[in-house]
Amino acid sequence: MSHRLCLLLIDDNPADLMLAQEAFAEHAEGVSVSTCRDGESALAYLRDTSHSLPDVVILDINMPQMNGFEVLRAIRADPDLRHLPVVMLTTSDSKKDIDQAYDLFASSYMVKRGNFAAFVEQVDQFVQFWQECRFKQHRDVRTR
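Report on the accompanying structure. (Residues numbered from 1 in each chain as written. Predicted model: local features only at pLDDT ≥ 70, side-chain atom pairs only at ≥ 80, totals over all residues. Heavy atoms only, no water.)

## Points about the packing of helix α2 (residues 39-47) against helix α3 (residues 68-77)
Viewed as axis vectors pointing N to C, α2 and α3 meet at an angle of 20°, and their least axial separation amounts to 10 Å. As judged from the angle between their axes, α2 and α3 are roughly parallel. As for how α2 packs across α3, the hand of that crossing is right-handed. Touching Gly39, Leu43, Leu46 and Arg47 of α2 are Val71, Ala74 and Ile75, all from α3. Looking at side-chain class alone, the contact of α2 with α3 contains 5 nonpolar, 1 polar and 1 charged residues. (Axes fitted to C-alpha atoms, helices over the stretch in contact; angles between N-to-C directions. Helix = DSSP H or I, 4+ residues; strand = E, 2+ residues; numbered from the N terminus. Parallel < 35°, antiparallel > 145°, perpendicular 65-115°, else oblique. Left-handed = near helix turned anticlockwise from the far one by under 90°. Contact = heavy atoms within 4.5 Å. Nonpolar A, V, L, I, M, F, W, Y, C, P; charged D, E, K, R; others polar.)

Below, the structure written as structure tokens:
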């Protein structure tokens, strides 16, 4: 694979971060994952010009100080960041939360699966989808 999918995972829960990193580790050849544990550090990371922006931001909703909706709102308000795909990954299946995420222009909303095997399957589908979305144009150019 010539392109690596670069992800920024934002979640304050150390156990959830560890499980997600384990699930994404199965795709280590084609995926790199950076992490932030709160909204403020995530926005600082995204605004830091010493590295490239991620291909996709994965954002939890329930975080202290600055929740995921506030982070999403800040990303969408920033002209340098608003183009980034932001996927909400959370335990909440509340219609209110889902509606709010899409009102703030989340790219998608995923409810974390309950057991690790199901979560790994969810991550596999996520990686496949975003590799196809983000790198399809590169494959199309090479095949012309």
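Alright, that's what it looks like, and here's the rest.
## Here we look at α2
Gly39, Ala42, Leu43 and Leu46 are the residues of α2 that are buried. Projected down its long axis, α2 carries its buried residues within an arc of 95°, all on one side. The inward-facing, buried residues of α2 contact β1 (5-10), β2 (31-36), β3 (56-59) and α3. Among the residues of α2, the N-terminal cap falls to aspartate 38, whose side-chain oxygen and the backbone nitrogen of glutamate 40 are separated by 3.1 Å. (Buried < 20%, exposed > 50% of the residue type's maximum accessible area, 1.4 Å probe, protein only. Arc of directions from axis to C-beta. Polar contact = N/O pair within 3.5 Å; in protein donor to acceptor, adjacent residues only side chain to side chain.)

## Some details on a nonpolar patch on the surface
Nonpolar side chains collect at one region of the surface, where Met18, Leu19 and Phe116 lie side by side and expose about 260 Å² of accessible area between them. Here leucine 19 lies in helix α1 (residues 14-25). (Patch = residues over 30% accessible without salt bridge, like charges linked within 9 Å, V, L, I, M, F, W, Y side chains within 5 Å. Areas by Shrake-Rupley, 256 points an atom, 1.4 Å probe, with all protein chains shown as cover. Salt bridge = Lys/Arg side-chain N within 4 Å of Asp/Glu carboxyl O.)

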